[in-house]
Amino acid sequence: MLAQRGSGLPPGAAIVPVTILTGFLGAGKTTLLNRVLTESHGARLAVIVNEFGELGVDGALVGDDASSVIELANGCVCCATRGQLLPSLYRLLADDRQLDGILIETSGLADPFPVVEELAHSTLADHARLDGVIAVIDALNFDRNLDSAEAAYQQIVGADILLVNKTDLVAADIPGRIAKGVRTLNAHARIVDCARCDVPLEILFDAPRASSCAAQRSIEVEHDQRHGGFASAVLAVDEPLSGDRLAAWLGDLPASVFRAKGFVRLQEADGVVEVSAVGTRYVLQPAPRDAAKAVTGLVVIGRAMPIADLRQSLAACA
Ligand SMILES: [Zn+2]
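Keep in mind it's a predicted model, so treat the numbers as computed, not measured.

1. A look at the overall build of the protein chain
And step 1. From N to C terminus, the protein chain includes 12 helices and 12 strands.
And step 2. Residues counted as buried form 46% of the 318 residues belonging to the protein chain.
And step 3. Expressed as a percentage of contacts within the protein chain between residues at least 6 apart in sequence, the contacts between residues at least 24 apart total 77%.

2. Looking at unusual backbone geometry
And step 1. Positive phi is not limited to glycine here, since Lys166 has a value of about 65°.
And step 2. Mapping Lys166 onto the fold places it in the loop between strand E6 (161-165) and helix H8 (174-185).

3. What to know about the sheet that holds strand E4 (residues 101-105)
And step 1. Here seven strands make up an open sheet; going across it, the order is E3-E2-E4-E1-E5-E6-E7 and the pairing parallel. Each of the sheet's edge strands pairs with one partner strand only, and the pair in question is strand E3 (69-72) and strand E7 (190-193). This sheet shows a mean twist of 20° between the axes of neighbouring strands, independent of strand direction.
And step 2. When strand E2 (residues 45-50) meets E4, the two strands line up parallel, connected through five bridges.

4. Some remarks on the environment of Gln84
And step 1. Relative to the elements of secondary structure, Gln84 occurs in helix H4 (residues 82-94).
And step 2. Residues Gln84 and Leu72, spaced 12 residues apart in sequence, show a C-alpha to C-alpha distance of 7.3 Å.

5. Remarks on the pairing of strand E10 (residues 272-278)
And step 1. Most of E10 sits inside the fold, with six of its seven residues counted as buried.
And step 2. Relative to E10, strand E9 (residues 257-265) runs antiparallel, the two being bridged by seven bridges. By the bridge assignment, Val264 is partnered in E10 with Val273.
And step 3. Pairing geometry for E10 and strand E11 (residues 281-286), over six bridges, is antiparallel. Paired with Ser276 across the strands is Val283, a residue of E11.
And step 4. Remark: two residues form the turn of the hairpin made by E10 and E11, two consecutive strands paired antiparallel; Gly279 in that turn has positive phi of roughly 60°.

6. Some thoughts on the environment of Gly302
And step 1. Within the secondary structure layout, Gly302 lies in strand E12 (residues 297-302).
And step 2. When the 23 C-beta atoms within 10 Å are taken as the criterion, Gly302 is described as buried.
And step 3. When the C-alpha positions of Gly302 and Ala260 are compared, they lie 8.9 Å apart, and in sequence the two are 42 residues distant.
And step 4. Excluding anything up to four places from it in sequence, Gly302 contacts Phe230, Ser256, Val257 and Phe258.

7. Some details on the sheet that holds E11
And step 1. With respect to topology, five strands assemble into an open sheet ordered E8-E12-E9-E10-E11, the strand pairing being antiparallel. Each edge of the open sheet carries a strand with a single partner, namely strand E8 (231-236) and E11. Averaged over all pairs of adjacent strands, the angle between their axes in this sheet comes to 10°, without regard to strand direction.
And step 2. Its contacts with the sheet place helix H12 (residues 307-315) against E8 and E12, and it is angled at close to 25° to E8.

8. Observations regarding the nonpolar core
And step 1. Judged by nonpolar contacts, the single largest core of 93 residues is most densely connected at Val47, Ile102, Ile137, Leu162 and Leu163.
And step 2. It is strand E5 (residues 128-138) that provides the largest number of residues to this core, a total of seven residues.
And step 3. Both domains that furnish three or more residues to this core are identified here as domain 1 (2-226) and domain 2 (231-315).

9. Some remarks on helix H5 (residues 112-120)
And step 1. Burial in H5 covers these residues: Pro112, Phe113, Pro114, Val115 and Val116.
And step 2. On its buried face, H5 is in contact with strand E1 (16-23), H4, E4, E5 and helix H7 (150-157).

10. A closer look at the packing of H4 against H5
And step 1. At a closest axis distance of 11 Å, the pairing of H4 and H5 adopts a crossing angle of 45°. Relative to H5, the element H4 is oriented oblique. Classified by chirality, the crossing of H5 by H4 is right-handed. The segment H4 lies against H5, with Arg82, Leu85 and Leu86 engaging Pro114, Val115 and Glu118.
And step 2. A per-class count over the contact of H4 with H5 returns four nonpolar, no polar and two charged.

11. Considerations on the confidence of the model for the protein chain
And step 1. In this model, the protein chain carries a mean pLDDT of 84, and residues with pLDDT of at least 70 account for 85%.
And step 2. Counted against residues more than four places away or in other chains, residues 1-7, with its pLDDT under 50, gives eight contacts.
And step 3. Predicted confidence is poor over residues 212-217, with pLDDT under 50, and the contacts of this stretch with residues over four places away or in other chains come to four contacts.

12. Side note on the environment of Val278
And step 1. Mapped onto the elements, Val278 comes out in strand E10.
And step 2. Judged by C-beta crowding, with 24 C-beta atoms within 10 Å, Val278 ranks as buried.
And step 3. Not counting chain neighbours up to four residues away, the residues in contact with Val278 comprise Gly26, Asn141 and Arg259.

Calculation rules
Residues numbered from 1 in each chain as written. Predicted model: local features only at pLDDT ≥ 70, side-chain atom pairs only at ≥ 80, totals over all residues. Helix = DSSP H or I, 4+ residues; strand = E, 2+ residues; numbered from the N terminus. Buried ≥ 20, exposed ≤ 12 C-beta atoms within 10 Å, placed from the backbone. Contact = placed C-beta atoms within 7 Å. Pairing = 2+ DSSP bridges. Axes fitted to C-alpha atoms, helices over the stretch in contact; angles between N-to-C directions. Core = buried A, V, L, I, M, F, W, Y, C linked by C-beta atoms within 7 Å. Domains from an automatic or database assignment. Parallel < 35°, antiparallel > 145°, perpendicular 65-115°, else oblique. Left-handed = near helix turned anticlockwise from the far one by under 90°. Nonpolar A, V, L, I, M, F, W, Y, C, P; charged D, E, K, R; others polar. pLDDT = per-residue confidence, 0-100.

Following this line, the structure appears as structure tokens:
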């Protein structure tokens, strides 16, 4: 069936490199993606964005040209929305836009290996090839993330390039210690330290598949174990919130909430504000223009979260 679908692709077109961008919840994947999409490099890129939660937050945050962004929301690409990945790739390839590359941003809880496997064993080979796996590592939450879900481990094992991000937020000796730990899991990947994912973009598109043999080192993980019991919920926000109360709410999130993100309106400001929280750190900033169309509300991702309490306390910020 896929072969038939594949036959609709333009014959003789160049083989498009596909890069998988992975990294745990809040590590900085979308920041990197936005740099890739907005900085001038002359390459025509398309993006597939995957989210664990039900609100398409990342899709709304990414880029200007909506036609080159496909969203796989409401489920992780390594399991729930897996069947949608290849059709999305075919759609991008069939558009005949002579793409120079396709980026797949996985959900923070995704194990990259099933995605790599799916690309390798598909009928796409004549049209696209896997160029590399980039994993963004959160230097500030490295131990906590590794302890929390097998996916964090798999992301490191499966990467060709490891960006150790947020080095500006940790003590000077931490990046070196992380690199040492990472080396025991992945002997071949290039390790690059950075803050706000500020790396030369050439690095990303020159990622030889160092870890093509990494599949042998990956472990077979049960689905629930892979995601470490993480779940997501949407906290709807209809009314404008008090900025001060929201800041207090974000600063006081329980440890069970690993990630909160989305869009709200504030009483003090016009327009839509983007909310991004990882652990106890949060950022409130004007949302990009495209996000004005997004539904307001927050997605929270974590383990055994007190959802009813969170809904109530967030509503009380209005
Ligand atoms: Zn998954």
